[in-house]
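# Topology and contacts: notes
Listed here are the chains, written in short residue letters.
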Amino acid sequence: MKRTPAANRGDNLTPVAGNGLLDRRSFLRGGAAIAATMGYTLVNNAAAEPLADDPWSLTPGAVTKPYEQRSRYEEKVARTLTNPKGETRVQNARTPLHRLNGVITPAGQHFVVAQSGAPDIDPAKHRIVIHGLVKRPLVFTLDALARYPMVTRTHFLECGGNSAPLFSPTPMQANLQALHGLVSCAEWTGVLLSTLLEETGIDPKAKWLIAEGADAPTLTRSVPLKKGLDDAMIALYQNGERLMPANGYPARLLLPGWEGNMNIKWLRRIKLTDAPAMTFPETKTYTQLLPDGKALQFYFIEEVKSFITQPSPDLKMSGPGFYEISGLAFSGDGKIAKVMVSADGGKSWAQAALQEPVLDKSFTRFRLPWRWDGGPAILQSRAWDDKGNVQPTRAEFVAKRGELKAPLSLVAFPNQHFNAITSWGITADGEVKHVYA
Amino acid sequence: MFTRKSIGVALLVVLSAGFAQAAGPGLGQPIATSDIAAWDTSIMPDGSGLPAGRGTAAQGAQIFAGKCVACHGENGVGGSASALTAKGPITSINGGEKTIGNFWPYASTLFDFIRRAMPWQQPKSLTNDEVYALTAYLLALNKVIDDNTALDAATLAKIKMPNRDGFIIRFPDRI
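Every value quoted in this text rests on a predicted model; they were computed, and no experiment measured them. (Residues numbered from 1 in each chain as written. Chains lettered and ligands numbered in written order. Predicted model: local features only at pLDDT ≥ 70, side-chain atom pairs only at ≥ 80, totals over all residues. Heavy atoms only, no water.)

## What to know about the sheet that holds strand β2 (residues 167-169) of chain B
Taken in spatial order, the three strands of this open sheet run β16(A)-β17(A)-β2(B), and their pairing is mixed. Looking at strand neighbours, the two that pair on one side only are β16 (288-289) of chain A together with β2 of chain B, the edges of this open sheet. (Pairing = 2+ DSSP bridges. Helix = DSSP H or I, 4+ residues; strand = E, 2+ residues; numbered from the N terminus.)

See the structure below:
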């Protein structure tokens, strides 16, 4: 039997899918009016304490600083580090996505994977050279780049190794930051690479570009020239400020939607070539073993993915009743077209509201009202993009890409590009845990 | 008096004449290929870009003992950093560590990576002869070449790595 959509019955708080999922439009149009008739006031909460002036209302506040710091109550909202003492190995910093909202990742919370730390680059001395299969090799200073036409675009950036713990055969006792914290989203401003290539000219034999950083290992990646001419940017600003040192100050290559490691930080050189250089990261680190021992290479795209940020592990539910389920969806191949949410482990689904504007290769926040009845529930989200790509279920993903025999450490990512559905199990006492469903 | 249309046409002529000379701001400085050489150390999988120089596994073993063993361990295993020899072929997703012998598809990558990134604390400090020697040492340890093969641009370019055909390009349509 086909159910009449709840919204058409003028009863916006009627569940539209199992375990209490409500219509996404409940609070969008005339929300206040609906809420007034639908009964917030009907809930019998305990009466609030009488109000009195707090100490901070009785004395002048703090002096304004040249560069503002967060409230001291927020200091624990920070990235988690895998190598805080800077030992001679890679350093990862994971974004606390479960304690942020909106779609922009503050620059200081942006994820980092640094093979050998952030170089201390003097912008007055930094140079970017474009050479190889070009008509004339050119060197650009940052002062020169500052005079070029710029663009501002919001794009997510994801490490190919993000979510790798989910290749494990059993669920991980870990929070969202540990499982999915190697993805962030920022507003980037810079010069399109195509603008500069117009000036160097391109030899028709050129098919690839090799991008190189100015860090200690001068990390290099080969990028198809097609991408370079499509939407690649030399990014100079991150959320309106110059790039953070660990995110590539003073200039990085930005390849919207493509594997993080290819977005060369501290960019100093671009060489046009007829073939890929087959560098270390593109032949070893960022290749993905398949069940038969062969490996995928040149994965490029961070495929369509979503996860629920609130609620999620570490964010305990405070009793039955109303909650807003909220999360992030993104696709390296386009715009998010639709996100569906389930509260019963994928048996039934309700469409989530997408926060406008929905941008290309950007985080898109989704939200859905939920009335939790206090019983066990399994929350999932699933995203579609406007190119017809669908986020796979875990079973679909494992059938193609395989699963590990033993649980993976939370800091390693021997395999990459995991984009299947994530499930959060809610227990009757309000704990939220990673589960497989 | 000009008509609106004739001004439009005149503007178009001026603009396209301008475009023919310089499309953009034109603030890049020309540079000679020889002046890029210090940065342009890229080596292609066919060996193009390999510099002059030569080294043997025996020479490489000595350099390794001085500059690499602290992190990579004796014979390239058991150190704090990545293993440099294979335990065996990789036959599944659980195949263990990807290493030079069982995974790397191109020998050119080994030369390039050692030259640009190792040793960790002093990258780009090795001479080309030293890099050839270390490459020979690690390839001999992995039984890709024998102990007596000296490596130079010509011999290195000819090496076929065991796992050369172990890769599937994920998105060929994006290339």
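## Quick word on the confidence of the model for chain B
All names here are of chain B. For chain B, the average pLDDT comes to 90, and 87% of its residues sit at 70 or higher. Contacts of residues 1-21 to residues separated by more than four positions or lying in other chains number one contact, the stretch itself having pLDDT below 50. As scored by the predictor, the complex reaches a pTM of 0.93 and an ipTM of 0.92. (pLDDT = per-residue confidence, 0-100. Contact = heavy atoms within 4.5 Å.)

## So, the sheet that holds strand β11 (residues 220-224) of chain A
Pairing between the strands of a sheet comes from backbone hydrogen bonds, and it takes one of two forms, parallel or antiparallel. Spatial strand order, β11(A)-β10(A)-β15(A)-β6(A)-β7(A)-β1(B): six strands in an open sheet with mixed pairing. Strand pairing shows two members of the sheet lacking a second neighbour, β11 of chain A together with β1 (29-30) of chain B, which therefore form its edges. Examined bridge by bridge, strand β7 (residues 138-141) of chain A and β1(B) share two bridges and lie antiparallel to one another. Looking at β1(B), one finds that A:L138 is bridged to B:P30.

## Details of the pattern of salt bridges
A full pass over the atoms with the stated rule returns 27 salt bridges over all chains. For A:E158, the salt bridge goes to A:K305, with nearest N and O atoms at 2.7 Å. Remark: A:K305 occurs in strand β18 (residues 305-310) and A:E158 occurs in strand β8 (residues 151-158); sequence separation between them is 147 residues. As a salt-bridge pair, A:R221 and A:E282 come within 3.4 Å of each other at their nearest N and O atoms. You can see A:R221 sitting in strand β11 and its partner A:E282 sitting in helix α6 (residues 280-285), a full 61 residues away along the chain. Across this residue pair, the class does not change: A:R221 and A:E282 are buried. The structure contains a network of salt bridges with shared partners spanning A:E212, A:R268, A:R269, A:K271, B:D40, B:D112 and B:R116. (Salt bridge = Lys/Arg side-chain N within 4 Å of Asp/Glu carboxyl O. Buried < 20%, exposed > 50% of the residue type's maximum accessible area, 1.4 Å probe, protein only.)

## What to know about the nonpolar core
Residue and element names in this part refer to chain A. In terms of nonpolar packing, the biggest core is built from 66 residues, with L21, V341 and W370 touching the most fellow members. Not counting residues within four places of it along the chain, the set of residues in contact with L21 comprises T14, P15, V16, I325, V341, S342, A343, A350, L368, P369 and W370. Grouped together as the second largest cluster of nonpolar side chains are 43 residues, A144, L196, A251 and L290 included. (Core = buried A, V, L, I, M, F, W, Y, C linked by side-chain atoms within 4.5 Å.)

## Here's the deal with the packing of helix α3 (residues 57-67) of chain B against helix α6 (residues 128-141) of chain B
All names here are of chain B. Relative orientation of the contacting elements α3 and α6 amounts to 100°, with a least axis distance of 7 Å. Classified by the angle their axes make, α3 and α6 are roughly perpendicular. Within the contact between the two elements, α3 uses A57, Q59, G60, A61, I63, F64 and K67 and α6 uses E130, A133, L134, A136, Y137, L138 and A140. Tallied by class, the residues present in the contact of α3 with α6 amount to 10 nonpolar, two polar and two charged. (Axes fitted to C-alpha atoms, helices over the stretch in contact; angles between N-to-C directions. Parallel < 35°, antiparallel > 145°, perpendicular 65-115°, else oblique. Nonpolar A, V, L, I, M, F, W, Y, C, P; charged D, E, K, R; others polar.)

## Side note on the interface of chain A and chain B
Counting from both sides, the interface comprises 67 residues of chain A and, opposite them, 47 residues of chain B. Both faces considered, chain A and chain B share a buried interface measuring about 5,000 Å² in area, 61% of it formed by carbon and sulfur atoms. Put simply, chain A and chain B have five salt bridges between them. Of the charged contacts in the structure, one is a salt bridge between A:E303 and B:R170, with a shortest N-O distance of 3.0 Å. One can count 27 residue pairs in polar contact (both at pLDDT 80 or more) joining chain A with chain B. Listing elements by their share of the side of chain A that touches chain B, those giving two or more residues are β6 (127-132), β7, α4 (193-200), β10 (208-213), β11, β15 (267-273), α6 and β17 (295-297) of chain A. Within the side of chain A that touches chain B, the residues separate by chemical class into 32 nonpolar, 16 polar and 19 charged. (Buried area = accessible area lost by both parts, 1.4 Å probe. Polar contact = N/O pair within 3.5 Å; in protein donor to acceptor, adjacent residues only side chain to side chain.)

## What to know about helix α7 (residues 394-401) of chain A
Residue and element names in this part refer to chain A. All of the buried residues along α7 are R394, F397 and R401. An end-on view of α7 places all buried positions within 65° of arc, on one side of the element. Residues of α7 that are exposed and angled more than 90 degrees away from the buried face: A395, A399 and K400. Looking at the buried residues of α7, the elements they touch are β16 and β17. Directly beyond the C-terminal end of α7, a positive phi value near 90° is found at G402. (Arc of directions from axis to C-beta.)

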